[in-house]
Amino acid sequence: MKYLVTFFWTFILGEVVGYIGSALLGVSYDATQTSIVAALIGTLGAIMVYAISKSATPEKVYDNVD
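Given the structure is predicted, the values throughout are model-derived calculations rather than measurements. (Residues numbered from 1 in each chain as written. Predicted model: local features only at pLDDT ≥ 70, side-chain atom pairs only at ≥ 80, totals over all residues. Heavy atoms only, no water.)

**Thoughts on the packing of aromatic side chains**
All told, the structure shown has two aromatic pairs when counted by the stated rule. Seen from their ring centres, Phe8 and Trp9 are 5.5 Å apart, and the 80° between their planes marks the pair as edge-to-face. Overall, Trp9 belongs to the partly exposed group, its relative accessible area being 46%. For the pair Tyr19 and Tyr29, a centre-to-centre distance of 5.4 Å together with 80° between the ring planes defines the contact as edge-to-face. With Tyr19 in helix H1 (residues 2–25) and Tyr29 in the loop between H1 and helix H2 (31–56), this pair connects stretches of sequence that are 10 residues apart. (Phe/Tyr/Trp six-rings, centres within 6.5 Å; stacked < 30°, edge-to-face > 60°. Buried < 20%, exposed > 50% of the residue type's maximum accessible area, 1.4 Å probe, protein only. Helix = DSSP H or I, 4+ residues; strand = E, 2+ residues; numbered from the N terminus.)

Below, the structure written as structure tokens:
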């Protein structure tokens, strides 16, 4: 569920950044290209966060100390 929310907000914020960026650069706004780029960046970001979080969790060590 958290990945669906992440992709939703990636899409929304990507469109906003794309619109503002195209206005600042003086180029025409292309929603399709912006959506594709936002989806790629969001997917890569989600994978990187998952990989970093997975490697940062401590491993459980079971000692047989009596």
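Picking up after the structure, the text goes on.
**Digging into the layout of surface pockets**
Considering only enclosed or pocket space, the largest pocket measures out at about 170 Å³ in volume. Along the wall of the largest pocket there are 14 residues; nearest its centre are Val17, Gly18, Ser22, Asp30 and Thr34. Listing elements by their share of the lining of the largest pocket, those giving two or more residues are H1 and H2. Examining the composition of the lining of the largest pocket, we find that six residues originate from one element, H1, more than from any other. In terms of residue class, the lining of the largest pocket is built from six nonpolar, seven polar and one charged. (1 Å grid on protein atoms, 1.4 Å probe; cavity = no way out; pocket = protein on both sides within 12 Å on 5 of 7 lines; lining within 4 Å. Points joined across faces, edges and corners; volume = space filled by probe spheres on them. Nonpolar A, V, L, I, M, F, W, Y, C, P; charged D, E, K, R; others polar.)

**As for the packing of H1 against H2**
Two elements in contact, H1 and H2, have axes whose closest approach is 8 Å; the angle formed by their N-to-C orientations is 135°. Taken together, the axes of H1 and H2 lie oblique to each other. Crossing handedness for the pair H1 and H2: right-handed. For the pair formed by H1 and H2, the contact residues are Tyr3, Phe7, Thr10, Phe11, Gly14, Glu15 and Gly18 on the first element and Ala31, Thr34, Ser35, Ala38, Gly42, Thr43, Ala46 and Tyr50 on the second. By residue class, the composition of the contact of H1 with H2 is seven nonpolar, seven polar and one charged. (Axes fitted to C-alpha atoms, helices over the stretch in contact; angles between N-to-C directions. Parallel < 35°, antiparallel > 145°, perpendicular 65-115°, else oblique. Left-handed = near helix turned anticlockwise from the far one by under 90°. Contact = heavy atoms within 4.5 Å.)

**Here's the deal with the side chain of Thr34**
Mapped onto the elements of the fold, Thr34 is located in helix H2. Look at Thr34 and you get buried, because its relative accessible area is 15%. Setting aside its immediate chain neighbours within four residues, Thr34 contacts Gly14, Glu15, Gly18 and Tyr29.

**What to know about H1**
Helix length check: H1, at 24 residues, gives a terminal C-alpha distance of 33 Å against a target of 34 Å (1.5 Å per residue), a fit within 8%. What H1 keeps buried is the set Gly14, Glu15, Gly18 and Ser22. If you follow the buried residues of H1, they end up packed against H2. A positive backbone phi angle near 75° is found at Gly26, which sits one or two residues after H1. (Expected span 1.5 Å × (residues − 1).)

These figures capture arrangement, not role.
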